[in-house]
Structure formats: C-alpha cells, structure tokens
Amino acid sequence: MDKKVRVRFAPSPTGGLHLGGVRTVLYNYLFAKKYNGDFIVRIEDTDQTRYVPGAEEYIFETLKWCGLEPDESVQHGGNFGPYRQSERKETYRKYAEKLINEGHAYYAFDTPEELEKMRHAPIAIGDKTEQSHTQQYDHTIRMKMRNSLTLPSEETHRLLEEGTRHVIRIKMPEHETVSFTDMIRGEVSFDTSVVDDKVLLKADGMPTYHLAVVVDDYLMQISHAFRGEEWLPSAPVHILLWKYLFGLENMPQWAHFPLILGPSGKLSKRDGAKYGFPVFAMNWTDPNRGDLTEGFKEKGFLPDAFINMLALLGWNDGTEQELFYKEELIEKFSMERVHSAGAKFDYEKAKWFNHEWIKRFEVAGLKLQVGELLKGNGLTVSDEAYLEKVIHLVKDRCTLLTDFVQQSSFFFQAPENIDTGAIKPKWNDAKQLFFVELIRNYQLSPDWHTTTLESNFKEIAAANDLKPGDLMLPFRIMLVGGKFGPGVFEIASLIGKVETIRRIEQALSLMK
RNA sequence: GGCCCGUUCGUCUAAGGGCUAGGACACCACCCUUUCACGGUGGUGAUACGGGUUCGAAUCCCGUACGGGCUACCA
C-alpha cells in the first residue's frame, strides 16, 4: 500500500445507529487500525428534510460506548474539516460546474410535476404499451426533457440568471462498461445504459450523496471506501465521477459489505419490536414521534461482546476461534475474508457471546457496571468488597448484565416475595421444628463459614430423622424468595448470621 | 419489469478440485448439581436444482429456481 490508509464512516444523522451501521464502523475501524491508518467520521447531512436533532450526538455516543472512536471527526477535530457536509456546501458546486464544462453533466429545469409525468407515462413495448415500471431519467429520455442539452444556450443562460430552480445531473454515457474491483466481491461491472442521470446537485444547492462522497473522499484523501451492499448499484456513478473529476488512479479501493438480515428479509426496527431483540446499539428516542427503540447497551450487553458478535457476523479468521479481544480483531481482520453473502442476525447467538464475555471478564471489570445497575434498581451497595464477592458468586449464571439484578438483589435486601407456594404443600410440623432448631444452632455457632453452616444443617436434619434434600429447597426460598441462585450455604454465609436468621424467622411466620 | 449481488445443517460459518463435509448457537438425550444456571459427554441436522469440465467438484463454467439490494432533487 503506497498511500496512507484513511477510511471513513459516513452516516447521515437521521436516527439511531443499527447493527449494520455499527458493523460498518467496526470493519472500517479494524482495517484502519490494522494498517496504522486513520479512521474518519464524516456527517452526511445534505438532506435537510431528513435531519433529526440529536442523531449526530447519538452516533458519537454510540461509537464511544463501542470503543470505536474516530481519529478525525466533527468532535475529534482533524486537518481535513469541516467534517459535516452541510458546512462544505460551497465546495461542491464548483465540481459540478466543472463536469458541465467538460460535457459530463448538465442543468435540468424539470419541475417535480414534469418529472412525475415523465416517470409514469405509458411506454411502448412491441405492439403493446406497458406501465409495469417507472421510467428513469436517462439517455433514452433526456433529450425530451427541459435541460441545458435540449434548450438553446441563450435560454439556459436566461433561466439560470433568473434564478430558476434547477438541478445538475450527470450525463451517463450511452453504452460504456464500467467495472471495478471490489475487495470482497472481485470484479463487478455495469453497463452505463441502464443507469439513470443521477442528480448531483439539488435545487437547494446541496449535493446529493453521489457527488458528495466522491468530492469528500478525494479531499479527505480516503484510501479505502467501505460501505454497505445497498450502494453497489450506484457504484458506476461514483466510478465515473472519479474518472471525470480526479482520475481513476486516485480513486480509493472499494469494498461493499453484505447486508445484515432479520428473521424475514432485511433487518428493520420493526423486527426488533416484533421479535423482541434490540437492533440499535443504544436506546434511541425519536424526537418527533417520541417512540423509543431499545438498544443493546441498555439491554445488558457488554461493548466487547457486542463488537465481537458483530465482527463474526460476516467475517471469521479461518480458524474455529469465536471469542476475540478487540486487539486480536485488529490483528487478524482481513477484508478478503469478509463474506459476500448477507447474514441473518441471530439474537440467541448474540446472547451467547455476551454470556461468554461476562464469564471471561474479571470481577473488577464488571464491578462498576454491575454496581451502577444495582443502584439504579434501588438496591443499596455500600461495601465494595461485598459487591465483589456477590459478582464472583453469580456472574457465571448471567447472560445479560441486567440478569445481575435478579441474580443478586437478595444479597442486598430481603426478598419481597417469598414463593411459599413451592414449599407449603409439603410443609409440616417436623420441618417447622427443624428450622426453629436451626435458628438456635446458628445463633450459637462460633463461626460462619459455608462448610460449618452446611454440616450443622445436616446434623440437625439427621438428628430429627429428616432428609436434608427436603429441607434445602425451603431454606433456599426463605433466603432468596425463589428457586434460583448459587449454593444456599454460600448465600447464608455471605449475607451473615443476623440476616440469615431474620429471613428464616420471617418466612416461618408466613408458614403458619 | 430492468440492473446488480448472493445461495453449505433452522442460524452464523469452515473446507478456495481429492479422507466418513468440520466448528459454534439453538434443539434433544445423558452426566454433574439435594434449587436454577454453568460445565461435561453424545445426538439430530446442510453443499438449492439441472447440465457440463475433470480420473475426481461444495469448490471451476453455463442455465434455472430462490433470496436480497437498487431503480428519489434519501442516504
């Protein structure tokens, strides 16, 4: 690679960042870091009508949470700014005019009504007319429209001088094969006769994506341009623009990532709501409609797990390894091993990744997040060492971070609901007496170790001719409220003598 | 409709001409566990179809089917 690696992620601030977007960021980031390059985030806000307040901040917060921070952006600075396209408005027009002067583009004055009429006019196919598809604004029709190609030049000048609303469209060659090498798909080629004369500069003076990407990728010295597969059909427009404006030899290398699919077709926000899994990285509330779309973060995912899962959705290193630290991903990532086929998102597998990451994390790495989570759920966490012991005891049984609440709340406060229904049917006086005796024994116990608690428990059971197995479930329910959690004696040991006895007494009073 | 991309267990994928197509998730069974999980062992399960090329094809070529994307003064 002769040029310095510089890649960009170019989102438009129109809403939350979903799985596919984050994966695009990830692959860009991994590639940049692998080759000691720069990762740039450029905000593509050229469509004023779709601008959503807060979306831009949301994108940066998401990148921060994921640990995929850019080297250059609106927020991070850099020498190639501004990094917001609306602030670069002035720079695009001159490139569009250059294209016109060189015969590769033209002014078009057609009104929305005229365009509408053109699109839906019946067209003759053989001896019958068809209307099965909409007419494109292309070489077959441009000479019948109102533009600088059909109008006398004085008329064009007059219209321009009068400030008539107009756009600038690319003049696609009639029959030319445009091909390029995609790093993932290999050679891809298109016949220019089937692609339309895309608008490059809109009536409001803003560029469309097509012009803006090419100009900005050039100006920002982008060496590799990666994006989703949905952009493949418009690639010939971009290639041609590169050829006309900056030279093919300066064009970045392209790669188009496969799409991430939902249970039925393309993954959408609706799939999340319908099937009960998040599609956005973090919670997103649409400021206009006020509806909330759940995020992986709030759902209880660890950023490392989220990133790991996304990396493997369309890429693997060729071995059977599935768990990767970010540094390993950077080291092992290669564009050639990215799949060309779309991947269906599987939430079960995503949860598995999270579980694995919770297990592989040290207690210390979880402490902060779990502590906050518990406090957020109204639990009082005062003793750090105590919290560490609790996490150590329950982490392996938590798939999502949020599972820590249910799995450990009883360590911090007595259960509110005791599932007495699970023990009442088999309850009797003998058991009642056993627990009374257990309280007396525990009260006098000189130490409070797990093993002591267990052996005393069993001795008393044996002395009363009861099976320990019949008593442990009731004991568990008294302490935690239900049929879950780590070993009972470990729980008792951790919550302490006073609390253990208090909970047994409390439950006993409920059994009468 | 047109153009482009794609197609290996239900899902994510390995195997880029040559052993009984491997792994992971999910599922099932058993073991462990005097709760629920974790964990362990094993099992069910795939090369879309049809033609070529070749001694030999999941792998290369062609066609068909199916899936997806695009076809806006949206990105």
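In this text, all values refer to a predicted model and were calculated from it rather than measured experimentally. (Residues numbered from 1 in each chain as written. Chains lettered and ligands numbered in written order. Predicted model: local features only at pLDDT ≥ 70, side-chain atom pairs only at ≥ 80, totals over all residues. Heavy atoms only, no water.)

A. Structural context of the overall build of chain A. Looking only at helices and strands, chain A has 20 helices and 16 strands in total. A compact globule built from 512 residues should have a C-alpha radius of gyration of about 24 Å, whereas chain A, at 32 Å, is more than 25% larger. Overall, the C-alpha framework of chain A stretches about 110 × 50 × 40 Å when taken along its three principal axes. Taken as a whole, chain A presents about 24,200 Å² of accessible surface, with 49% of it coming from carbon and sulfur. Here chain A carries 63 positive and 74 negative side-chain charges, and the mean point of each set is 3 Å from the other. (Helix = DSSP H or I, 4+ residues; strand = E, 2+ residues; numbered from the N terminus. Rg over C-alpha atoms; globule rule 2.2 N^0.38 Å. Areas by Shrake-Rupley, 256 points an atom, 1.4 Å probe, with all protein chains shown as cover. Lys, Arg positive; Asp, Glu negative; His and termini not counted. Charge placed at Lys NZ, Arg CZ, Asp CG, Glu CD.)

B. Highlighting the confidence of the model for chain A. On average, residues of chain A carry a pLDDT of 93, and 97% of them reach 70 or more. Confidence over residues 125–131 falls short of pLDDT 50; this stretch has ten contacts with residues more than four positions distant or in other chains. Scored by ipTM, the complex comes to 0.95, with pTM at 0.94. (pLDDT = per-residue confidence, 0-100. Contact = heavy atoms within 4.5 Å.)

C. Molecular detail of the protein's contact with RNA strand B. Around RNA strand B lies a shell of 59 residues, among which Gln136, Arg185, Lys202, Glu322 and Arg397 are the nearest. A breakdown of the atoms of RNA strand B within 4 Å of the protein gives sugar and phosphate a share of 69%. Interatomic distance of 2.8 Å between a side-chain N/O atom of Thr46 and a phosphate oxygen of RNA strand B. For the surface near RNA strand B, the elements supplying multiple residues, two or more each, are α4 (112–120), β6 (167–170), β8 (186–191), β16 (343–344), α12 (347–360) and α18 (468–480). Top element by residues in the surface near RNA strand B is α12. It accounts for six residues. (Near = heavy atom within 4 Å. Polar contact = N/O pair within 3.5 Å; in protein donor to acceptor, adjacent residues only side chain to side chain.)

D. Expanded view of the packing of aromatic side chains. Throughout the structure, instances matching the rule amount to 37 aromatic pairs. Ring centres of Phe301 and Tyr347 lie 6.1 Å apart, and the angle between their planes is 45°; this geometry places the pair in the tilted category. Placement of Phe301 in the loop between α9 (296–299) and α10 (303–311) and of Tyr347 in helix α12 is noted, with a sequence separation of 46 residues between them. What makes Phe301 buried here is its relative accessible area of 2%. Taking relative accessible area as the criterion, Tyr347 reaches 11% and is therefore assigned buried. (Phe/Tyr/Trp six-rings, centres within 6.5 Å; stacked < 30°, edge-to-face > 60°. Buried < 20%, exposed > 50% of the residue type's maximum accessible area, 1.4 Å probe, protein only.)

E. The packing of helix α16 (residues 429–444) against α18, seen in detail. It is the contact of α16 with α18, at a shortest axis distance of 12 Å, that shows an interaxial angle of 65°. On the basis of the axis angle, α16 is roughly perpendicular to α18. Judged by the twist between their axes, the crossing of α16 over α18 is right-handed. Where α16 approaches α18, its residues Lys431, Phe434, Phe435, Leu438 and Tyr442 are matched on the opposing element by Asp470, Leu471, Pro474, Phe475 and Met478. Across the contact of α16 with α18, the residue classes break down as eight nonpolar, no polar and two charged. (Axes fitted to C-alpha atoms, helices over the stretch in contact; angles between N-to-C directions. Parallel < 35°, antiparallel > 145°, perpendicular 65-115°, else oblique. Left-handed = near helix turned anticlockwise from the far one by under 90°. Nonpolar A, V, L, I, M, F, W, Y, C, P; charged D, E, K, R; others polar.)

F. Examining the pattern of salt bridges more closely. Summed over the entire model, instances satisfying the criterion amount to 32 salt bridges. With a closest N to O distance of 3.3 Å, Asp38 and Lys4 form a salt bridge. Of this pair, Asp38 sits in strand β2 (residues 38–41) while Lys4 sits in the segment before β1 (6–9); the two residues are 34 residues apart in sequence, bridging distant segments of the chain. In this structure, Arg42 and Glu44 form a salt bridge, with 3.1 Å as the shortest nitrogen-oxygen distance. The class of Glu44 is buried, set by a relative accessible area of 6%. Within this structure, Arg8, Arg42, Glu44, Arg88, Asp216 and Asp217 form a network of salt bridges that share partners. (Salt bridge = Lys/Arg side-chain N within 4 Å of Asp/Glu carboxyl O.)

G. Looking closely at the sheet that holds strand β3 (residues 105–108). What the three strands build is an open sheet, ordered β3-β6-β9; its pairing is antiparallel. Lying at the two open borders of the sheet, with one neighbouring strand each, are β3 and β9 (199–201). The sheet shows a mean angle of 40° between the axes of neighbouring strands, taken without regard to direction. Against the sheet, helix α3 (residues 89–101) engages β3, β6 and β9, with an angle of about 105° to β3. (Pairing = 2+ DSSP bridges.)

H. Quick look at helix α13 (residues 363–376). Between the first and last C-alpha of α13 there are 19 Å, a value that for 14 residues agrees with the 20 Å anticipated at 1.5 Å per step. Of all bends in α13, the biggest is about 30°, found at Gln369. Of all the positions in α13, only Val363, Leu366, Val370, Gly371 and Leu374 are classed as buried. Along its buried surface, α13 packs onto α12, α14 (384–394) and α15 (403–408). Gly378 sits one or two positions beyond α13 and adopts a positive phi of about 80°. (Expected span 1.5 Å × (residues − 1). Bend = angle between axes of the 7 residues up to and from the residue.)

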